[in-house]
Amino acid sequence: MVTDVMIGFFFAKVNVKALKALETAYAISHLGGPPYRGRDVAQAHSALPIGLGHFHRRLRLLQETLTCAQVPMDVQQRWLGQQQALLPRIVRRRSACPADG
Ligand code: HEM
């Protein structure tokens, strides 16, 4: 994700090791583990100009990663479904039309 040509720039100044730990804890909490203790997800992304395309690209990379890791399909569906539902809380630019700016 951090080297991805479409969304890698978002992570240029981020402590990737720390982010990996937070994202892992977040995913575990939504797969039945202990509650996530980091920032609210909308708050954590509020300063970032994330558009629809960025959001879907991240989801696609996650799906490919889970498939490569042979994560069972029911777990993938739960994981991806939970993340998809966060779209309105993370995406700042909702329109996919370039003319909408
Ligand atoms: C469902 C989708 C997403 C989830 C579940 C998610 C999850 C997270 C989590 C758990 C953190 C750490 C928050 C904390 O500090 O406690 C984080 C931070 C971050 N996320 Fe996401 N994320 C999502 C989508 C995205 C997208 C689409 C992008 C950009 C393309 C993105 C870029 C970032 C960046 C740059 C940070 C670091 C922010 C900072 O350090 O201030 N995220 N994300």
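Residues numbered from 1 in each chain as written. Predicted model: local features only at pLDDT ≥ 70, side-chain atom pairs only at ≥ 80, totals over all residues.

Novice: So what's going on with the overall build of the protein chain? Residues and values would help.
Specialist: Helix and strand counts for the protein chain stand at five helices and zero strands. Mapped from its N terminus to its C terminus, the protein chain presents α and β elements in the order α-α-α-α-α. Over its C-alpha atoms the protein chain spans a radius of gyration of 14 Å, differing by no more than 12% from the 13 Å that the globule rule assigns to 101 residues. For the protein chain, the spread of C-alpha atoms along the principal axes amounts to about 40 × 25 × 25 Å. Looking at the protein chain as a whole, 2% of its 101 residues are labelled buried. Of all intrachain contacts in the protein chain linking residues separated by at least 6 positions in sequence, the fraction that spans at least 24 positions is 65%. (Helix = DSSP H or I, 4+ residues; strand = E, 2+ residues; numbered from the N terminus. Rg over C-alpha atoms; globule rule 2.2 N^0.38 Å. Buried ≥ 20, exposed ≤ 12 C-beta atoms within 10 Å, placed from the backbone. Contact = placed C-beta atoms within 7 Å.)

Novice: Talk me through the site of the ligand; I want residue IDs and the actual numbers.
Specialist: Around the ligand lies a shell of 21 residues, among which Tyr 26, Gly 38, Arg 39, Ala 44 and Gln 83 are the nearest. When residues in the shell around the ligand are grouped by element, the largest group, four residues, is from helix α1 (residues 16–30). When the residues that make up the shell around the ligand are grouped by side-chain class, the tally is 14 nonpolar, four polar and three charged. (Near = placed C-beta within 6 Å. Nonpolar A, V, L, I, M, F, W, Y, C, P; charged D, E, K, R; others polar.)

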